[in-house]
Amino acid sequence: MSSALTDLCRYPIVQAPMAGGTSCPQLVAAVSEAGGLGFLAAGYKTADGMYNEIKQLRGLTGRPFGVNLFMPQPALADPSAVEVYRHQLAGEAAWYETPLGDPDTGGDDNYDAKLAVLLDDPVPAVSFTFGCPTRDTLDAFAGVGTYTVVTVTTPEEAQTAQWAGADAVCVQGVEAGGHQSTHRDDPQTDGAGIGLLSLVSQVRETVQIPIVATGGLMRGSQIAAVLAAGAEAAQLGTAFLVCPESGASPLHKQALTNPLFVRTALTRAFSGRPARGLVNRFMREHGPYAPAAYPQVHCLTAGLRKAAAKAGDAQGMALWAGQGHRMARELPAGRLVRLLAEELDAARTAVSTGSTQ
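Residues numbered from 1 in each chain as written. Predicted model: local features only at pLDDT ≥ 70, side-chain atom pairs only at ≥ 80, totals over all residues. Heavy atoms only, no water.

### Some thoughts on the packing of aromatic side chains
- One pass over the structure, following the stated rule, counts 6 aromatic pairs.
- Taken together, a centroid distance of 6.0 Å and an interplanar angle of 65 degrees make the contact between Phe 128 and Phe 141 edge-to-face. Here Phe 128 is found in strand β4 (residues 125-129), whereas its partner Phe 141 is found in helix α7 (residues 135-143), with 13 residues between them in sequence.
- Judged by its relative accessible area of 0%, Phe 128 falls in the buried class.
- Ring plane angle 90 degrees and centroid distance 5.7 Å describe the contact between Phe 270 and Trp 320, whose orientation is recorded as edge-to-face. You can see Phe 270 sitting in the loop between β10 (264-267) and β11 (275-278) and its partner Trp 320 sitting in the loop between α14 (296-310) and α15 (333-356), a full 50 residues away along the chain.
- Classification of Phe 270 as buried rests on a relative accessible area of 1%.
- Ring-pair connections join several aromatic residues into one group, and the members of that group are Tyr 44, Phe 70, Phe 130 and Tyr 294. (Phe/Tyr/Trp six-rings, centres within 6.5 Å; stacked < 30°, edge-to-face > 60°. Helix = DSSP H or I, 4+ residues; strand = E, 2+ residues; numbered from the N terminus. Buried < 20%, exposed > 50% of the residue type's maximum accessible area, 1.4 Å probe, protein only.)

Put into structure tokens, the structure is as follows:
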């Protein structure tokens, strides 16, 4: 690993920031304490909410950690398409006995306020999702000693991040669970994502800054593969989602290995942006009709998703998961980090031994 990444974590293992409460301080602290790099997810939180979690995390660990921010999204949604989708969801609202949310309450996710907090009281690392910050913003973080990572899904996005002054890129393959972090949400490119190994190799030939690889990774041998392809660290989300420290709902954790959910797919049904989750009733019924409208659709369905969870109905929840979800291991986060590191060492040793025979 590069010296900067080595300073942040003992092992080349990063815990993905999973918004919605999954990446809570307890999970992040456990990962960082074990030698990985844990990330808080600031998405969907207020600036004060983010700061309170940072304070709580600092009380749990003195090890480095990161905070992930959502970039503000341009107002591209067609209001009429959002209204049509609202009518389609009326039956869900009646079934769960909860009103649909206001699609216009998402705003910019308090981006500027969060920047102010993180520049005033710096954290070791900050990553960005759904776009690339300005050079001024990245330079400001460099000035306070914060390591910056921009999530990308194409070589072109990686090049933009390098030009803007990012310290590293997090290269997200199409296998990844949760939202695809495309910088421009274009419905014409739905389903055109690039697989992780191919994408890492392409980005490695495009930029000179370090690469963190993410997407469907569940085992140390897979980490070895992306490191061999040119990454300096691997980021895992679904693998940590089932840990006892994770803030994910019990229903979500159970669904990952439930034979009832046999596959994942990319959908706009829950948020209006492509995101990978376990295929359930809600996704099948509404995915084909969901408009490209983030965060409007996210706001519309927020109450429905909470009501489904409260009712114990996994068929109405957003069950974000990567393609490797069936390989999830219900282990304490620290133990999982150490096991992944052992598997990584074993994979490297096997390759080295094989190459000398």
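Okay, back to it.
### Some remarks on the packing of helix α3 (residues 47-60) against helix α6 (residues 111-120)
- Running from N to C, α3 and α6 point in directions that differ by 30 degrees, and their axes come no closer than 9 Å. Here α3 lies roughly parallel to α6, going by the angle between them. Relative to α6, α3 is oriented so that their crossing is right-handed. Contact residues: α3 offers Ala 47, Met 50, Tyr 51 and Ile 54, while α6 offers Ala 113, Lys 114, Val 117 and Leu 118.
- Of the residues in the contact of α3 with α6, the class split is 7 nonpolar, no polar and 1 charged. (Axes fitted to C-alpha atoms, helices over the stretch in contact; angles between N-to-C directions. Parallel < 35°, antiparallel > 145°, perpendicular 65-115°, else oblique. Left-handed = near helix turned anticlockwise from the far one by under 90°. Contact = heavy atoms within 4.5 Å. Nonpolar A, V, L, I, M, F, W, Y, C, P; charged D, E, K, R; others polar.)

### A closer look at unusual backbone geometry
- Omega for the bond connecting Tyr 294 with Pro 295 falls within 30 degrees of zero, at 10 degrees, which places this linkage in the cis form.
- Even without a glycine there, the phi angle at Asp 109 is positive, about 60 degrees.
- Topologically, Asp 109 is positioned in the loop between α5 (90-96) and α6.
- Looking at Asp 109, the relative accessible area reads 13%, which means it is buried.
- Phi angles above zero are rare outside glycine, and Phe 130 is one such case at about 75 degrees.
- Its location among the elements puts Phe 130 in the loop between β4 and α7.

### So, the side chain of Gln 15
- Note on placement: Gln 15 falls in strand β1 (residues 13-15).
- Here Ser 23 takes part through its side chain, which lies 3.1 Å from a polar atom of the side chain of Gln 15.
- Polar side-chain contacts of Gln 15 include one of 3.0 Å to the backbone oxygen of Phe 39.
- Sequence-distant contacts of Gln 15, that is, excluding residues within four places in its chain, are made with Ser 23, Leu 27, Val 28, Val 31, Leu 37, Gly 38, Phe 39, Gln 235, Leu 236 and Phe 240. (Polar contact = N/O pair within 3.5 Å; in protein donor to acceptor, adjacent residues only side chain to side chain.)

### A word on the nonpolar core
- By size, the foremost hydrophobic cluster in this structure holds 103 residues, and its most contacted members are Val 67, Leu 69, Phe 128 and Phe 240.
- When residues in this core are grouped by element, the largest group, 7 residues, is from α15.
- With 13 residues, the next largest nonpolar core counts Leu 37, Val 149, Ala 168 and Cys 170 among its residues. (Core = buried A, V, L, I, M, F, W, Y, C linked by side-chain atoms within 4.5 Å.)

### Observations concerning the environment of Leu 197
- Tracing the sequence through the fold places Leu 197 in helix α9 (residues 196-204).
- Sequence separation between Leu 197 and Ala 213 is 16 residues, and the spatial gap between their C-alpha atoms is 8.6 Å.
- Excluding its chain neighbours within four sequence positions, the residues that come into contact with Leu 197 are Ala 225, Val 226 and Ala 229.

### With respect to the state of the cysteines
- Tallied over the full model, the rule gives 0 disulfides.
- No disulfide involves Cys 24; its nearest neighbouring cysteine sulfur is the one of Cys 243, lying 10 Å away.
- The buried category is assigned to Cys 24, whose relative accessible area is 11%. (Disulfide = S-S within 2.5 Å.)

### Thoughts on the sheet that holds β10
- The strand order β7-β11-β10 describes an open sheet built from 3 strands, whose pairing is antiparallel. Each edge of the open sheet is held by one strand with a lone partner, namely β7 (178-179) and β10. (Pairing = 2+ DSSP bridges.)

### Observations concerning the pattern of salt bridges
- Across all of its chains, the model carries 11 salt bridges by this definition.
- A salt bridge links Arg 135 to Asp 139; its shortest N-O distance comes to 3.8 Å. With Arg 135 and Asp 139 both in helix α7 and 4 residues apart, the pair spans about one turn of that helix.
- A relative accessible area of 42% places Arg 135 in the partly exposed class.
- For the salt bridge of Glu 285 with Arg 281, the shortest nitrogen-to-oxygen distance reads 3.0 Å. One end of the pair, Glu 285, and the other, Arg 281, are both in helix α13 (residues 281-286), 4 residues apart, so they sit about a helical turn from each other.
- Take Glu 285: its relative accessible area is 39%, and that puts it in the partly exposed class.
- Each of Glu 92, Arg 281 and Glu 285 takes part in salt bridges that share partners, so that together they form one network. (Salt bridge = Lys/Arg side-chain N within 4 Å of Asp/Glu carboxyl O.)

### Observations regarding the sheet that holds strand β8 (residues 211-214)
- On the basis of which strands lie adjacent, the open sheet formed by 8 strands has the order β1-β9-β8-β6-β5-β4-β3-β2 and parallel pairing. Each end of this open sheet is capped by a strand with a single partner; those strands are β1 and β2 (38-41). Each strand of the sheet is rotated relative to its neighbour by a mean of 25 degrees, with strand direction disregarded.
- Taken together, the 4 bridges between β4 and strand β5 (residues 147-152) define a ladder with parallel strand orientation. Note on β5: the bridge partner recorded for Ala 125 is Tyr 147.
- Taken strand by strand, helix α10 (residues 220-228) contacts β1, β8 and β9 (233-236), and its axis lies near 135 degrees from that of β9.

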